[in-house]
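This is what each chain is made of:
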Amino acid sequence: MVGTQSFVRSLERSRLSLTRPDRPVEFELLGLRWDLLDEVFAPVFSPSTAVALDLLGLGQAGRGGWSGSFLEIGCGTGVIAVCAALAGCERVVAADVNPRAVENAALNAARHGVADRVRAVRSDLFSELREERFDTVFWSSNYVRAPEDYTYGSMHERAYVDPGYRAHRRYVAEAPLLLAPGGRALLHFSSRGVLGELREFAREYGRHLEVVGSVELVEGEYGDDVVEHLLLEIGADDGAGRG
Ligand SMILES: C[S@@+](CC[C@H](N)C(=O)[O-])C[C@H]1O[C@@H](n2cnc3c(N)ncnc32)[C@H](O)[C@@H]1O
């Protein structure tokens, strides 16, 4: 499903996730307990957090295999950032434009004993992070495109839609600039988004997008929506005509 219908449904998902009576204050994922604050994206009502963990190879919390530095843009509850630290990353930054998400990520880092390695920061994409470099930069994004002139009705809606893909345009342009040598800029996107538009941004900025992981799920209120989740790597264009 594309266009207006997808955007309206996503806003409805945002509204329901905040108001449904079974919204928990704690939840379980990967066999661990996590805090969930008001106004923060709830991994219990969407498969996307678990899918992102799988696409990154972080689906087995605490099993190691990672090292170096990890920046999570749009950390929400901080599950992915905390799992990166539990997997072995020595320096993790969990950033979100939503102040409640920043608070939530700090709570979960403390809860899982990695507060010394996970710094939670309020940042509009990279606005507060210009001086740092990372081995991995990752965003599980609000991949549904809202119309250019849509004005957010709440902070929580920012987890679901991106008006005019303004944030995606900036992410594609700027994420590679934050990388340490040999680092990777990654984006969790899906078929609910408009990949063609992302590829256009990439071309404009001399970048290419490579699909480095994918998984297909049946989702949606009616169980009839086949969604392909993609892990995209944003690279500098090598002139080989990719992108
Ligand atoms: C789909 S949610 C993912 C949350 C979390 N990573 C997870 O997987 O549960 C997208 C997140 O991106 C954040 N976000 C949206 N626009 C942002 C921006 N311009 N800068 C930083 N974070 C942003 C939202 O607040 C939200 O927490």
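Structure: above.
Residues numbered from 1 in each chain as written. Predicted model: local features only at pLDDT ≥ 70, side-chain atom pairs only at ≥ 80, totals over all residues. Heavy atoms only, no water.

### Things to note about the overall build of the protein
Across its full length, the protein holds 6 helices and 11 strands. The C-alpha radius of gyration computed for the protein amounts to 17 Å, which stays within 12% of the reference 18 Å derived for 243 residues, consistent with globular compactness. In terms of overall dimensions, the protein has C-alpha extents of about 45 × 40 × 30 Å along its principal axes. The proportion of buried residues among the 243 residues of the protein is 53%. For the protein, the share of sequence-separated contacts (at least 6 apart) that also reach a separation of at least 24 residues comes to 65%. When the accessible surface of the protein is split by element, carbon and sulfur atoms take 49% of a total near 10700 Å². One way to put it: in the protein the 26 positive side-chain charges average out to a point 1 Å from where the 36 negative ones average out. (Helix = DSSP H or I, 4+ residues; strand = E, 2+ residues; numbered from the N terminus. Rg over C-alpha atoms; globule rule 2.2 N^0.38 Å. Buried < 20%, exposed > 50% of the residue type's maximum accessible area, 1.4 Å probe, protein only. Contact = heavy atoms within 4.5 Å. Areas by Shrake-Rupley, 256 points an atom, 1.4 Å probe, with all protein chains shown as cover. Lys, Arg positive; Asp, Glu negative; His and termini not counted. Charge placed at Lys NZ, Arg CZ, Asp CG, Glu CD.)

### Quick look at the side chain of His-188
Inspection of the secondary structure assignment puts His-188 in strand β9 (residues 179-190). Within polar-contact distance, the side chain of His-188 engages the side chain of His-229 at 2.9 Å. The residues contacting His-188, other than those within four sequence positions of it, are Ser-48, Val-51, Ala-52, Leu-55, Phe-138, Trp-139, Ser-140, Ser-141, Tyr-143, His-229, Leu-230 and Leu-231. (Polar contact = N/O pair within 3.5 Å; in protein donor to acceptor, adjacent residues only side chain to side chain.)

### Points about the site of the ligand
Around the ligand sit 20 residues, and of these Thr-49, Gly-74, Asp-96, Asp-124 and Leu-125 come closest. One of the side-chain N or O atoms of Asp-96 is found 2.6 Å from an oxygen atom in the ligand. Taking 600 Å² as the accessible area of the ligand by itself, protein coverage stands at 97%. Class assignment for the residues of the shell around the ligand results in 8 nonpolar, 8 polar and 4 charged. (Near = heavy atom within 4 Å. Nonpolar A, V, L, I, M, F, W, Y, C, P; charged D, E, K, R; others polar.)

### As for the packing of aromatic side chains
Counted according to the given criterion, the structure contains 8 aromatic pairs. Here the aromatic rings of Tyr-150 and Tyr-152 are separated by 6.3 Å at their centres, their planes lie at 85°, and the arrangement is edge-to-face. Its relative accessible area of 21% is what places Tyr-152 among the partly exposed residues. A cation over a ring is seen here: Arg-145 above Tyr-165, with NZ or CZ 5.9 Å from the ring centre. (Phe/Tyr/Trp six-rings, centres within 6.5 Å; stacked < 30°, edge-to-face > 60°. Lys NZ or Arg CZ within 6 Å of the ring centre and 35° of its normal.)

### Here we look at the nonpolar core
When a protein is soluble and globular, its nonpolar side chains tend to lie buried together. Core analysis: the largest hydrophobic core is formed by 37 residues, its most contacted members being Leu-71, Ile-73, Phe-126, Val-137, Val-161, Tyr-171 and Leu-198. What Ile-73 contacts, discounting residues up to four positions off in sequence, is Ala-95, Leu-125, Phe-126, Leu-129, Phe-138, Trp-139, Ser-140 and Tyr-171. Leu-53, Cys-75, Ala-87 and Leu-186 belong to the second-largest nonpolar core, a separate cluster that totals 34 residues. (Core = buried A, V, L, I, M, F, W, Y, C linked by side-chain atoms within 4.5 Å.)

### Some points on the side chain of Asp-35
Along the chain, Asp-35 turns up in strand β2 (residues 32-35). Overall, Asp-35 belongs to the buried group, its relative accessible area being 18%. At 3.1 Å, the side chain of Asp-35 and the side chain of Arg-111 are in polar contact. Leaving out residues up to four positions away in the same chain, Asp-35 has contacts with Val-25, Glu-26, Phe-27, Thr-77, Asn-104, Leu-107, Asn-108 and Arg-111.

### Considerations on the packing of helix α5 (residues 166-174) against helix α6 (residues 195-204)
Viewed as axis vectors pointing N to C, α5 and α6 meet at an angle of 40°, and their least axial separation amounts to 9 Å. Classified by the interaxial angle, the pair formed by α5 and α6 is oblique. When you trace α5 past α6, the crossing you get is right-handed. Packed against α5, whose contacting residues are His-168, Arg-169 and Val-172, the element α6 presents Leu-198, Phe-201, Ala-202 and Glu-204 at the interface. (Axes fitted to C-alpha atoms, helices over the stretch in contact; angles between N-to-C directions. Parallel < 35°, antiparallel > 145°, perpendicular 65-115°, else oblique. Left-handed = near helix turned anticlockwise from the far one by under 90°.)

### Regarding the pairing of strand β4 (residues 91-96)
Of all 6 residues that make up β4, 5 are buried, and the element is covered over most of its length. Two elements, strand β3 (residues 69-73) and β4, share 5 bridges in a ladder whose sense is parallel. Bridge pairing links Glu-72 to Ala-94 in β4. The parallel pair β3 and β4, bridged by helix α3 (residues 79-86), forms a crossover whose chirality is right-handed. Strand direction decides the pairing type here: β4 and strand β5 (residues 118-122), joined by 5 bridges, are parallel. Residue pairing for β5: Ala-95 is matched across the bridge by Val-121. With helix α4 (residues 99-111) bridging β4 and the parallel β5, this β-α-β connection has right-handed handedness. (Pairing = 2+ DSSP bridges. Right-handed = clockwise from strand over helix to strand, strands pointing away.)

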